Amino acid sequence: FRRVLFRSAPVYDAAVIGGNTSLRPVELRNLRWQNVDLIAATVTVQRTKNPTSKRVVPLNASAQAAFARVLDRAKVLGFTQPEHYCFPACQWHRIDPTWPQKTFLNA
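Predicted model, so just to flag it, every value in this text is computed and none were measured. (Residues numbered from 1 in each chain as written. Predicted model: local features only at pLDDT ≥ 70, side-chain atom pairs only at ≥ 80, totals over all residues. Heavy atoms only, no water.)

1. Side note on the overall build of the protein
Helices and strands together make up the secondary structure of the protein, namely three helices and five strands. The order of helices and strands in the protein, counted from the N terminus, is α-α-β-β-β-α-β-β. Pairs at least 24 residues apart make up 51% of the contacts formed inside the protein by residues separated by at least 6 positions. (Helix = DSSP H or I, 4+ residues; strand = E, 2+ residues; numbered from the N terminus. Contact = heavy atoms within 4.5 Å.)

The following block contains the structure:
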């Protein structure tokens with residue numbers, strides 16, 4: 001049960017973050033750790049579906065807590081470099097922090 005929870009937790013946290021920040025799924029998938037500032041409680045959205053949507057998004061307590069959980073998992077896996085994706089790709093049970101998650105449907 002613990003392993004299943006660990007695997008499905010990123011999807012839950014992505015839903016919490018998306019619901020509390022109004023980030024589009026593509027914006028959420030393309031967030032890197034260099035774009036997340038948990039101390040200032042902000043996320044800088046760089047990659048969007050149109051160039052005019054680049055912005056700084058404030059984080060409420062729920063979104064901050066979800067990002068903290070995502071960061072804790074990244075620390076366990078060793079994926080906390082600024083250029084690493086917050087939601088890295090996982091294919092064939094191999095996680096690659098240098099590529100973004102393609103979809104949360106099978107994360």
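2. Focus: the nonpolar core
One broad rule of soluble globular proteins: the nonpolar side chains tend to lie buried together. By size, the foremost hydrophobic cluster in this structure holds 21 residues, and its most contacted members are Trp 33 and Phe 67. Contributions of two or more residues to this core are made by helix H1 (2-21), strand S2 (42-45) and helix H3 (61-77). Per-element accounting of this core gives the leading share, six residues, to H3. If we skip the residues at most four places from it in the chain, Trp 33 touches Phe 67, Val 70, Leu 71, Ala 74, Phe 79, Thr 80, Gln 81, Pro 82, His 84, Tyr 85 and Cys 86. (Core = buried A, V, L, I, M, F, W, Y, C linked by side-chain atoms within 4.5 Å. Buried < 20%, exposed > 50% of the residue type's maximum accessible area, 1.4 Å probe, protein only.)

3. Here's the deal with the side chain of Thr 21
Locating Thr 21 in the fold gives a position in helix H1. Here the side chain of Thr 21 touches Ile 17 through a polar contact of 2.6 Å, landing on its backbone oxygen. (Polar contact = N/O pair within 3.5 Å; in protein donor to acceptor, adjacent residues only side chain to side chain.)

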